[in-house]
Amino acid sequence: MPGRRSIGGLVRVFALAMVLLPASGALGAWMVNERGECVHGWTPASLARGPAAMLNAPLLPLRSAVGGVLVARDDRSPGLQGKILLPPTLAVVGGGIGLVDSLIWLGTGLTDTATGGYFELAPEEATRLGVAPVRPTIVAAAPPPPRESSDHCGRRTGPGAP
């Protein structure tokens, strides 16, 4: 029975991989434990991470292409060539990058769905449902706006913190 042998081989390879690959702790969501420490832990909300990422993935190339056009619209560089060539170029590049990112979101979303969100592999942006334009990752290298200092659990830290 050739079919049975191939399945047995797959099971052996999978078992070998499980033994040889180093085990790592689950990431999970940041939460405050009973001692008031900010720690990683699995929450029921983690179950929705994978399906949300998989729902967001198909629209990402279009959202990223529109984001590229919006970046080109905000460009203030002088010259007519930049104003004419930049929007379609960033739309095509943004759509291509969005296609690659959507495959990543789909794969990590599928993994998060299979694991119940325990490892939180899907990017945080992928887990927020929406249809708003997304800045292409090649353009999104701008530093994020400054924000109030806080720990991973959202508690204020630094001077003046309780």
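Residues numbered from 1 in each chain as written. Predicted model: local features only at pLDDT ≥ 70, side-chain atom pairs only at ≥ 80, totals over all residues. Heavy atoms only, no water.

1. Describing the pattern of salt bridges
For the structure on display, the rule yields four salt bridges. In this structure, Arg49 and Glu124 form a salt bridge, with 3.3 Å as the shortest nitrogen-oxygen distance. One end of the pair, Arg49, is in helix 2 (residues 49-56); the other, Glu124, is in the segment after helix 4 (80-115), and 75 residues separate them in sequence. Judged by its relative accessible area of 8%, Arg49 is buried. Glu124 gets classed as partly exposed once you look at its relative accessible area, which sits at 47%. Here Asp74 and Arg73 are joined by a salt bridge, their closest N and O atoms 3.8 Å apart. Accessibility expressed as a relative area gives 57% for Arg73, which makes it exposed. Because the salt bridges share partners, they merge into one network encompassing Arg49, Asp112 and Glu124. (Salt bridge = Lys/Arg side-chain N within 4 Å of Asp/Glu carboxyl O. Helix = DSSP H or I, 4+ residues; strand = E, 2+ residues; numbered from the N terminus. Buried < 20%, exposed > 50% of the residue type's maximum accessible area, 1.4 Å probe, protein only.)

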